[in-house]
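Breakdown of the fold
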Amino acid sequence: MKLYFLPGACSIGIHALLAEIGKPFEIKKAARSGTPEFEAYARVNAKGKVPALLRDDGSLLTEFPVIALYLARVNPERGLIPTDIEGEIRVLEMTEYLVSTVHMQGYTRVRRPDKFTPNEADHAAVKAQGLEIFQAGLDRAERQINGKDWLFEEMTIADFALFYLEHWTVVNGIGSLGPHCQAHHDRLWSKVAIRRAIESETLS
Ligand SMILES: N[C@@H](CCC(=O)N[C@@H](CS)C(=O)NCC(=O)O)C(=O)O
């Protein structure tokens, strides 16, 4: 299994999940659109995004929630997704919200307002709107954790989606973490395998 990543990008959530699962995997640095290396990466993943997971049968999986669900399902002994329908859909609901809304609609507006409007005069307003969406997501997670260790009763794939968003706040200072989210981030970051995996991204 090979994870295509970009250092510090949302792929750190899948990288952390793979590290937590603890089975052997490889990592390969992808390329950003607009760089000379991108053409080669686009031949691997036509969407040109990370994370992408190349499975041992040669097929590629894309989209964070789907990769996370796949990893949870093929490692059932880790209990990363509930087996009852209600439990499962609630974890997927949260994972989807964190990736599709909080990241893609919120954080991306803050970092890349140009993707939402060609008019530079509107960038400040787009960024402000993005920050509102991003912070609302962190606040929702804060209320949901509410003193537990995880978003749900046990650690699930949703925690790894939240982790990368929290990590962006810690590293880039965008938004702010309440005490429950800060402790949640630190709980995962203090796992040696996870920290080593993420730190290795800047070395590879
Ligand atoms: N819908 C995708 C979005 C992934 C995404 O936007 N990835 C960003 C990094 S956080 C990316 O690959 N950016 C590189 C680029 O746009 O060139 C998913 O859920 O995996």
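Quick caveat, the model's predicted, so the values are computed rather than measured.

This paragraph deals with the side chain of Asn45. Tracing the backbone through its elements, the reader meets Asn45 in the loop between helix H2 (38-44) and strand E3 (52-54). According to the relative accessible area criterion, Asn45 is buried, its value standing at 3%. Within the local environment of Asn45, its side chain forms a polar contact with the backbone nitrogen of Lys47, the two atoms lying 3.0 Å apart. Residues contacting Asn45, with those up to four places away along its chain left out, are Ala52, Leu60 and Thr62.

Turning to the layout of surface pockets, a few remarks are in order. In this model, the largest pocket occupies a volume close to 1,100 Å³. In terms of lining residues, the largest pocket is bounded by 39 residues, among which Ala9, Cys10, Arg32, His103 and Trp168 are the most central. Elements with a minimum of two residues in the lining of the largest pocket: helix H3 (64-74), helix H4 (85-111), helix H6 (157-172) and helix H8 (192-200). Looking at the lining of the largest pocket element by element, the count peaks at eight residues for H4. Summarising the domain contributions, the lining of the largest pocket has at least three residues from each of domain 1 (2-78 + 193-200) and domain 2 (85-191).

Calculation criteria
- Residues numbered from 1 in each chain as written.
- Predicted model: local features only at pLDDT ≥ 70, side-chain atom pairs only at ≥ 80, totals over all residues.
- Heavy atoms only, no water.
- Helix = DSSP H or I, 4+ residues; strand = E, 2+ residues; numbered from the N terminus.
- Buried < 20%, exposed > 50% of the residue type's maximum accessible area, 1.4 Å probe, protein only.
- Polar contact = N/O pair within 3.5 Å; in protein donor to acceptor, adjacent residues only side chain to side chain.
- Contact = heavy atoms within 4.5 Å.
- 1 Å grid on protein atoms, 1.4 Å probe; cavity = no way out; pocket = protein on both sides within 12 Å on 5 of 7 lines; lining within 4 Å.
- Points joined across faces, edges and corners; volume = space filled by probe spheres on them.
- Domains from an automatic or database assignment.

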